[in-house]
Structure formats: C-alpha cells, structure tokens
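One letter stands for each residue in the lines below.
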Amino acid sequence: AQTVTQSQPEMSVQEAETVTLSCTYDTSESNYYLFWYKQPPSRQMILVIRQEAYKQQNATENRFSVNFQKAAKSFSLKISDSQLGDTAMYFCAFLTPQGGSEKLVFGKGTKLTVNP
Amino acid sequence: AAGVIQSPRHLIKEKRETATLKCYPIPRHDTVYWYQQGPGQDPQFLISFYEKMQSDKGSIPDRFSAQQFSDYHSELNMSSLELGDSALYFCASSLRGGRARYGYEQFFGPGTRLTVL
C-alpha cells in the first residue's frame, strides 16, 4: 500500500519570504503521479502543482515549484514570495494508475501561516 | 468554466437517519470519486465510478452505498447515521481520456458538510 508522510504539522513564514514544505512517500510502483493540494479556510481543495514520476524535470507553477527526488521518494513544495493568501492547509497526494484505481492517497497535511 | 457541483452544501441529520449527497461532475468527465474528510483529518477515499460502473472501493462503511447514473451524476447514500459520520464529503471528477492534458488531475467540488447530531 502507498503511504504519504508530511513531517511538518505546522509552519509559518513572513510575507514575501520563501518556505519549503516536505513530503515523502512510499511505493513499489514505477508509474505514479504526485500532487500538492491547497485547502484554505473555505475548505475547497485546490490543485497547486502536479508531477509525473517519469519526468525528471521539476514542475513549476508561477511562485510554486517542487523538488522531486525520485530515488529518495521525496516531493517537497517551495513557495516563493509568500503571500497572505497562501495561508492554508497543504496536502501532498499520491496517485498510481496501476490496477485501474486512480484514487488519491493524501498525507496528513501541513498548516501554513503567512504572517504580515 | 464549469466546475463540480455538490448538493446540498450543508446537511444536518439526527443519529440513525438517512442522508443522500449528490454530485454533478464537470461536463464530459466520465469518472467520479468520493472522499470523506473528518475534522482535522486528511481526505480519505471512499469509492469511485467510471462509466457508471464501480471502479474502486476504499474505507466505505457497509451503511453507505453509491452509484453513478446515466447522466454521470453520482449519489452517495448514507443510512443509520452515526456521530462519527460528521465530516466534509468531497466529490471529484476526472476525464480518463484526458490524461495527456490533465495528467490524472481530479477536480474537486466544494464539498458537503454533514453534521450528525
């Protein structure tokens, strides 16, 4: 079974600074996808960024980028120029299409607070 | 762009009552997923449907059942409700044929907040 671990229950950062959220996962599959979802106080689940395991290049989306270390099974999220609107729970998630399931397996989440 | 629609947004029930949650996926999406998120918890996968057939089942209690209809909307039926069923229930949808573009992305609805008293 796949597991996702987020070792930082809570983090805080000053506005305009950079913060990195950690995520590790465990799987024996070779074909999989990794995601970071943001859940603000509204509780809406918003996709921040995704990474295909077969791609060596790290994904980037504006101020958000990942450091994907496949051998280490690590998938960290870097938020640059943090903004107050980045305050939210961040969930790392794993998906493998093997066996036709395609369900998302989430980590426990990291609560990020951006301070003015 | 159209998003996933869930109804109702809020639902209050008594113990042992029945609840029905509805999900309308993004048009043309053929796969629906249900997740349960308890207070302070991460979302947990319940069940999924592809082309109206159940494709996977997670930690869904026997008291719960779900189906996907011919118009691709889905309903989650919950009977004999317990206090522990109080949670946020998400529906998500995806398009299996859109892998090249969406990379297995699941689009989440706003959720239904169920409170069992």
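Structural data are supplied above this passage.
What you see is a predicted model, and the numbers here were worked out from it, not measured in a lab. (Residues numbered from 1 in each chain as written. Chains lettered and ligands numbered in written order. Predicted model: local features only at pLDDT ≥ 70, side-chain atom pairs only at ≥ 80, totals over all residues. Heavy atoms only, no water.)

*Asks:* How should I be thinking about the state of the cysteines in this particular structure?
*Replies:* Any covalent bond linking the sulfur atoms of two cysteines counts as a disulfide. All names here are of chain A. Following the criterion strictly, the structure yields two disulfides over all chains and no others. Each disulfide pairs two cysteine sulfurs, and for C23 the partner residue is C92, the sulfurs being separated by 2.0 Å. Classification of the bridge connecting C23 and C92 rests on its S-S torsion, roughly -70 degrees, and on that basis the disulfide is left-handed. One end of the pair, C23, is in the loop between β3 (19-21) and β4 (24-26); the other, C92, is in strand β10 (residues 88-95), and 69 residues separate them in sequence. By the burial criterion, C23 is buried, and C92 matches it. (Disulfide = S-S within 2.5 Å. Helix = DSSP H or I, 4+ residues; strand = E, 2+ residues; numbered from the N terminus. Buried < 20%, exposed > 50% of the residue type's maximum accessible area, 1.4 Å probe, protein only.)

*Asks:* In this structure, what is going on with the nonpolar core? I would like to understand it.
*Replies:* Soluble globular proteins tend to pack their nonpolar side chains together in the buried interior. All names here are of chain A. Formed by 25 residues in total, the largest nonpolar core has its most connected members in Y25, W36, F75, L77 and Y90. Mapped by element, the contributors of at least two residues to this core are β3, β5 (33-39), β6 (46-52), β8 (64-69), β9 (74-79), β10 and β12 (110-115). The dominant element in this core, judged by the number of residues it contributes, is β10, at four residues. With residues up to four places along the chain from it excluded, the contact list for Y90 reads Q6, L21, W36, Y37, K38, V48, F64, L77, I79, G109, T110 and L112. (Core = buried A, V, L, I, M, F, W, Y, C linked by side-chain atoms within 4.5 Å. Contact = heavy atoms within 4.5 Å.)

*Asks:* Which parts of the structure should I look at to understand the interface of chain A and chain B?
*Replies:* Often, the extent of an interface is quoted as the loss of accessible area on bringing the components together. Contacts between the two partners involve 20 residues from chain A, matched on the other side by 24 residues from chain B. Contact with chain B buries area across many residues of chain A, yet R43, E102 and F106 of chain A alone supply 29% of it, more than any other trio. There are two salt bridges connecting chain A and chain B. With a shortest N-O distance of 3.3 Å, K108 of chain A and D42 of chain B are connected by a salt bridge. Applying the counting rule to chain A against chain B returns ten residue pairs in polar contact (both at pLDDT 80 or more). Those elements giving two or more residues to the side of chain A that touches chain B turn out to be β5, β6 and β10 of chain A. (Buried area = accessible area lost by both parts, 1.4 Å probe. Salt bridge = Lys/Arg side-chain N within 4 Å of Asp/Glu carboxyl O. Polar contact = N/O pair within 3.5 Å; in protein donor to acceptor, adjacent residues only side chain to side chain.)

*Asks:* Quick question: what am I supposed to make of unusual backbone geometry here?
*Replies:* Residues S7 of chain B and P8 of chain B are joined by a peptide bond in cis, for which omega reads -10 degrees. Mapped onto the fold, P8 of chain B is located in the loop between β1 (5-7) and β2 (10-13). The phi dihedral of A16 of chain A falls on the positive side, at around 80 degrees, and the residue is not glycine. Along the chain, A16 of chain A falls in the loop between β2 (10-14) and β3.

*Asks:* Where do I start with the environment of S7 of chain A in this structure?
*Replies:* Residue and element names in this part refer to chain A. Structurally, S7 is set in the loop between β1 (3-5) and β2. What makes S7 exposed here is its relative accessible area of 55%. When the C-alpha positions of S7 and L77 are compared, they lie 13 Å apart, and in sequence the two are 70 residues distant.

*Asks:* Explain the sheet that holds strand β3 (residues 19-24) of chain B here, please?
*Replies:* Neighbouring strands of a sheet are bound in pairs by backbone hydrogen bonds; such pairs are parallel or else antiparallel. All names here are of chain B. A sheet is described by the order of its strands in space; here four strands give the open sequence β1-β3-β8-β7, paired in antiparallel fashion. Every interior strand has two partners, whereas the edge strands, β1 and β7 (64-68), have only one. Strand-to-strand twist of the sheet, defined as the mean angle between neighbouring strand axes without regard to direction, takes the value 15 degrees. With three bridges connecting them, β1 and β3 associate as antiparallel partners. Of the residues in β3, the one forming a bridge with S7 is K22. (Pairing = 2+ DSSP bridges. Axes fitted to C-alpha atoms, helices over the stretch in contact; angles between N-to-C directions.)

*Asks:* Help me out: how do you make sense of the pattern of salt bridges in this one?
*Replies:* Once their charged atoms are close, side chains differing in charge can pair, the charge on each being opposite to the other. In the structure shown here, the tally under the stated rule is nine salt bridges over all chains. The closest approach of N and O atoms between K55 of chain A and E52 of chain A, which form a salt bridge, is 3.9 Å. Residue class for K55 of chain A comes out partly exposed when judged on its relative accessible area of 40%. In this structure E52 of chain A comes out as buried when scored by relative accessible area, which is 11%. Linking R63 of chain B and E82 of chain B is a salt bridge whose minimum nitrogen-to-oxygen distance equals 3.4 Å. Of this pair, R63 of chain B sits in the loop between β6 (53-57) and β7 while E82 of chain B sits in the loop between β8 (74-78) and β9 (87-94), placing them 19 residues apart in sequence.

*Asks:* Whenever I open this one, the pairing of β8 of chain B confuses me. Can you help?
*Replies:* A regular strand places its side chains so that they alternate between the two faces of the sheet. Residue and element names in this part refer to chain B. Summarising burial for β8: four of the five residues are buried, a large majority. Pairing analysis gives five bridges linking β3 to β8, with the strands arranged antiparallel. In the strand pairing of β8, K22 is matched with E75. Across five bridges, the pairing between β7 and β8 is antiparallel. Looking at β8, one finds that F64 is bridged to M78. Counting the residues between successive antiparallel strands, the hairpin from β7 to β8 contains five residues, one of them, Y72, with a positive phi of roughly 75 degrees.

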